[in-house]
Amino acid sequence: MPIIRVALNIPIDTLFDYQVDEACIQDIGLRASVPFGKKLMTGVIIAISAETQIPPEKLKSAHYIFRDIAPLPTALLDLFHFCSQYYHHPLGSVVMNGLPGKLRSNKPIRLKEPPIDYQFSLTEAGKQIDPSSIPARNRIARRLLTALIQSPGLTHGDAKQISPRTIPLLKEWELLGWVLATPISAITALKAIKIPTLTHEQETVVNAITTDNNSQRFNTWLLHGITGSGKTEVYLRIIEQALNQKKQILILIPEISLTPQLEAVFRARFPATHLISLHSGLNDTERLSGWLQAQHGTARLILGTRLAVFTPLPDLGLIIVDEEQDSSFKQQEGLRYSARDMAIFRAKQMDIPIVLGSATPSLESYYNALHGRYHHLRLQSRAVRNATLPSVQCIDIRTAKPHDGLSEPLIQALSKCLSQKHQSLVFINRRGYAPVLLCKSCAWTATCQRCTSRLVVHLRDKQLSCHHCGHQEHFPRACPHCGNQDIVPFGHGTQRVEDALADRFPTARILRIDRDSIRRKNAWEAILQTIHAQEVDILVGTQLLAKGHDFPNLSLVGILNSDISLYSTDFRASERLFAQLMQVAGRAGRANIAGHVLIQTEFPDHPLYHALQKHDYDALAHSLLAERKMAGFPPFVYQTLLRAEAHDIQTVLEFLTHAKELAKPTKDIEIFDPVPAHMARLKGMERAHLLVQSASRKHLQLFLDSWAMQINSLSTHKVRWVLDIDPIEF
């Protein structure tokens, strides 16, 4: 009797055997509903066998094999296997994590095909009909014919506005030969689209990637282009070639907020090409529908965030990772995988090219390019004619003291910008009104009881909120320690800066953009339309505005509170700050107006700000690489964190100590002592970690293979732990 080996979403790295009478080799990759304990679970069939190590009396039968959709392809199962092995995470959890939510349920899939929208227009025969020849009592028919005569074409929506009964009438007229129905996509495809002329740099880059040998085999291309250099146009040209070869293209982006703008660009350039977006903002049905369209090969352009890297794509021919340096590509909970690294492995597996694009590449990618592992391509000038990089100036706030977070030179620059009817952006990467609620008498501050963090003041909602666990409290009337009623918000967030700007510029149209302001579905698309319609004078925003957006009328960027990253103990802090500031500075002066960037800082002579003023990524990158080599940090070593959490910190540290004792270090492996995490308490759990590193990725992986099995042997009923391979946060 055939035995199916099923991967289930449980924290045990093993497959589970079940007997099925009708199973065959073609069932590998299908979902199966199987009994597990007292409940039914859905998993994926990974293998079919004629034998099992389970005694016959204990071997259970599968409840059902779902054959409602095609099985997962072998290449995708191989990707899941690699991900499980490299990140030392149970295969079942990896596989089920990569599937849409509806595929994890114990129900078959039933999805309606999305309707095709048509445009209706009169044929030559239809144009000969006089509306007066239609009886007066047929008012709807008369109105519909009049509308068709007056318009070059009506959509379903236009016709329904006349009356719901126009749709069957149109079908009747189509049969009579009076009306022609044309799919909207076909009409859009006929529209002429103005394609920009490539600059010499862009043309060189496109030719390098699209030559016959390069475009059909594995290569990792690092596209290092300054902000506004036209990386998107390069993407469009190489996508066009891949589409001509009947290939699917996967484009990974770090943020949902980048989706609407890029989606609009791709739809405008390739109107007849079926495009889908896959991200966490979709509901379960929308996500499953897009996933299935990709699996069927119907969707040719797949635009998605991190999880889209696991989408089944039978004709995959090109992968693009935009803003490859962004930390959002690394999952920070559960399966801690890097979508960028998984994309590189997938490209190698499929023997296809992958393009990593960035204005400020991660030091790991830059290092790989310097040493020839990646092909390094440069775009060093802006694509728009006469557009130049913005000038960057530091405002020394030790002398130019800010009032309500805004210094006088910045206020004057904003005023000048308003008088010229240009847009400006005030960037502060902290939402809320203020980061701290402080009592001046006893120095009490409002802290979260579940996290080692302060509660952020949201003054308009009269609430204190933790931005880590979501805990909220009412705004206290007095200090809970000393009873003093003079408790004040300390520091600045986007809401406070917005209020300060409204006081300074009462006639200006000010728009705040942060996680709080874009919670509603489609809110971000509406905000982008408002900005491009120039219905906003001053933008106040967080990192949501820092990357990927093109605002032609934006001439001034003011940056507040960036010094905080210079105090960080994280060795990646300088790299991240420089990337963030380069990105946000790059929003200014992208068209024919000059751009200016003003940075309020107490350290105007810091090397990072000097490099920023010169737009010199290479100088800072070489400096940071030299520091990391001396200190023994990535990319010169490979790291793994054993993360653990429990309700008691002592329990966590004891577990990590036992785990260290089980390890058998060699000269190639360095193991550090357990220490509390930077945020020692999160969501009510006490956290600590233990660092392991090696100069050899191979030696580190071999060590982890045996060590992970030994850790599994420890009693962990009070402790949750996970191995974080290539961690980016400590």
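Along each chain, residue indices are assigned from 1 in the same order as the chain's sequence is written. Restriction of local features to residues with pLDDT of at least 70 applies here, the model being predicted, together with a cutoff of 80 or more for giving and counting side-chain atom pairs; totals for whole chains, interfaces and linings are based on all residues. Hydrogen atoms and water are omitted, and side-chain values are computed over all heavy atoms in the structure.

Student: Would you explain the overall build of the protein in this entry?
Tutor: Along its length, the protein carries 22 helices and 31 strands. A principal-axis box enclosing the C-alpha atoms of the protein has dimensions of 90 × 80 × 60 Å. We call two residues contacting when some pair of their heavy atoms lies within 4.5 Å. Considering only contacts in the protein between residues 6 or more positions apart, those separated by 24 or more positions represent 75%. To qualify as a helix, a DSSP run of H or I must reach at least 4 residues; to qualify as a strand, a run of E must reach at least 2; elements of each kind are numbered from the N terminus.

Student: How should the sheet that holds strand β16 (residues 391-396) be read in this particular structure?
Tutor: Working definition: the strands of a sheet are paired by backbone hydrogen bonds and lie parallel or antiparallel to each other. Taken in spatial order, the six strands of this open sheet run β16-β26-β25-β17-β24-β23, and their pairing is parallel. Whereas interior strands pair on both sides, the edge strands pair on one side only; in this sheet they are β16 and β23 (510-513). The mean angle between the axes of side-by-side strands here comes to 20°, regardless of whether they run parallel or antiparallel. Any two strands with at least two DSSP bridges between them are considered paired. Both β16 and strand β26 (residues 596-601) contribute to a ladder of six bridges, which runs parallel. Here the axes come from fitting lines to C-alpha atoms, over the contacting stretch only for helices, and the angles between their N-to-C directions go from 0 to 180 degrees.

Student: How do you make sense of helix α18 (residues 573-585) when you look at a structure like this?
Tutor: Owing to its 3.6 residues per turn, the α-helix brings residues three or four apart onto one side. The terminal C-alpha atoms of α18, which comprises 13 residues, lie 18 Å apart, in line with the 18 Å expected from a rise of 1.5 Å per residue. For the exposure calls, accessible area comes from a 1.4 Å probe over protein chains only, and a residue counts as buried if that area is under 20% of its type's maximum, exposed if over 50%, partly exposed in between. The buried count for α18 comes to eleven of 13 residues, which makes it a mostly enclosed element. Listed as buried for α18 are Ala573, Glu575, Leu577, Phe578, Ala579, Gln580, Leu581, Met582, Gln583, Val584 and Ala585. Looking at the buried positions of α18, the neighbouring elements they touch are α14 (363-370), β17 (423-427), β25 (554-559), β26, α19 (607-613) and α20 (617-631). A helix is expected to span 1.5 Å for every residue after the first.

Student: How should the nonpolar core be read in this particular structure?
Tutor: One recurring pattern in soluble globular proteins: nonpolar side chains tend to sit buried together. To qualify as a nonpolar core, a set must consist of buried Ala, Val, Leu, Ile, Met, Phe, Trp, Tyr and Cys residues joined through side-chain atoms within 4.5 Å. In terms of nonpolar packing, the biggest core is built from 74 residues, with Leu72, Phe80, Ile319, Tyr337 and Trp707 touching the most fellow members. Looking at which element gives the most residues to this core, the answer is helix α1 (residues 74-87), with seven residues. In this structure Trp707 touches Leu642, Ala659, Leu662, Ala663, Leu690, Val692 and Leu723, once residues within four positions along its chain are discounted. Membership of the second largest hydrophobic core comes to 40 residues, among which are Ile518, Ala585, Tyr609 and Ala611.

Student: Before we go on, may I ask you to explain the pattern of salt bridges in this structure?
Tutor: One side chain can pair with another of opposite charge once the charged atoms of both are near each other. In what follows, salt bridge is the name for a side-chain nitrogen of Lys or Arg lying within 4 Å of a carboxyl oxygen of Asp or Glu. For the coordinates displayed, the defined rule picks out 29 salt bridges. Ionic pairing is found between Arg460 and Asp499, a salt bridge with its closest N-O pair at 2.6 Å. With Arg460 in the loop between β19 (456-458) and β20 (463-465) and Asp499 in helix α16 (residues 494-504), the pair connects residues that are 39 residues apart, well separated along the chain. The exposure class assigned to Asp499 is partly exposed, which follows from its relative accessible area of 27%. Shared partners join several salt bridges into a network, and the residues in it are Arg460, Glu498, Asp499, Arg512 and Asp514.

Student: I keep staring at the environment of Ile344 and nothing clicks. Help me out?
Tutor: Within the fold, Ile344 resides in helix α13 (residues 339-350). Look at Ile344 and you get buried, because its relative accessible area is 13%. Residues Ile344 and Asn484, spaced 140 residues apart in sequence, show a C-alpha to C-alpha distance of 58 Å. Among residues more than four places away in sequence, those in contact with Ile344 are Phe218, Thr220, Ile354, Leu356 and Tyr374.

Student: Is there a simple way to think about the packing of aromatic side chains in this case?
Tutor: Aromatic rings considered in pairs are described by the distance between their centres and by the relative angle of their planes. Centres within 6.5 Å are what make two rings of Phe, Tyr or Trp a pair, Trp counting through its six-membered ring; a difference in plane orientation under 30 degrees is then read as stacked, over 60 as edge-to-face, and the rest as tilted. Scanning all chains against the criterion turns up 16 aromatic pairs. Centroid distance Phe578 to Tyr617: 6.3 Å. Interplanar angle 40°. Geometry classified as tilted. One end of the pair, Phe578, is in helix α18; the other, Tyr617, is in helix α20, with 39 residues separating them in the sequence. An identical accessibility class is assigned to Phe578 and Tyr617; each is buried. Three or more aromatic residues joined by ring pairs form one cluster here, namely Phe82, Tyr86, Tyr87 and Phe345. Note on criteria: charge over ring means Lys NZ or Arg CZ within 6 Å of the ring centre, with the direction from the centre no more than 35 degrees off the ring normal. The ring of Phe66 carries the charged tip of Arg31 above its face, separated from the ring centre by 4.6 Å.

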